[in-house]
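Read off the chains here:
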Amino acid sequence: MNKKQILSYGILAVAFTVFGAIASYKQDARAAAAAPTAVSQLYGQSLNDLNGKPQSLAQWKGKPLLVNFWASWCGPCVQEMPELSAMATQDGGKHVNVIGIGIDSPTNLVEFVKKTKVSYPLYVGGLGGTDLSRALGNANGGLPFTVLIGADGQVRKTYIGRLKFDQLRADIAKL
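Structure report, in brief.

Rules of the game
Residues numbered from 1 in each chain as written. Predicted model: local features only at pLDDT ≥ 70, side-chain atom pairs only at ≥ 80, totals over all residues. Heavy atoms only, no water. Pairing = 2+ DSSP bridges. Helix = DSSP H or I, 4+ residues; strand = E, 2+ residues; numbered from the N terminus. Axes fitted to C-alpha atoms, helices over the stretch in contact; angles between N-to-C directions. Contact = heavy atoms within 4.5 Å.

**Observations regarding the sheet that holds strand β1 (residues 46-49)**
Working step 1: Here we have 7 strands laid out as an open sheet, ordered β2-β1-β5-β4-β3-β6-β7, and mixed in their pairing. Edge positions in the open sheet fall to β2 (54-56) and β7 (155-160), since each of these has one partner strand only. Across the sheet, the mean angle separating the axes of adjacent strands is 30 degrees when strand polarity is ignored.
Working step 2: In terms of strand pairing, strand β6 (residues 145-149) meets β7 through 5 bridges, oriented antiparallel. Opposite Leu148, over in β7, you have Lys157 as the bridge partner.
Working step 3: With respect to the sheet, helix α2 (residues 75-91) is in contact with β3 (65-70), β4 (97-102), β5 (122-124) and β6, its orientation differing from that of β3 by roughly 160 degrees.
Working step 4: In this fold helix α5 (residues 165-173) packs onto β3, β6 and β7, with an angle of close to 170 degrees to the strand it touches most, β7.

In structure tokens form, the structure reads like this:
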């Protein structure tokens, strides 16, 4: 390879790097713009609690919020619930409020809580809850999916799969 070819390849590599950086910046900007919309969509929801009573999620607006999407048939979801309950009880909403949105039928969710004590509010999201979780960043629709939202309504972090509570506590401390 001669010097002219090397220089041409170098210029081409720099050009692709610049174009890639611009595309990445635009994608990040679109994601940042979409996040407040998704949080607004969350706060705009009215979901039934496990007693069948509609609850406006706007009641959580302006408060730091941990939203856990789960299902009674999801093993990792069930495994993390006792620790989420303990965290919700210990914190009492001082640093974060915990809510759960069940991607399941109301009957299954009610039967589940008869066997498992949960200390934070649970809402029935049904299959529509999957769309809400996707809007908040759950690209694959997997469970459990958890979103940490600051009091300012900004998504601070998302978690897919079973929570790592040491990391979660550190993230909450940064709110």
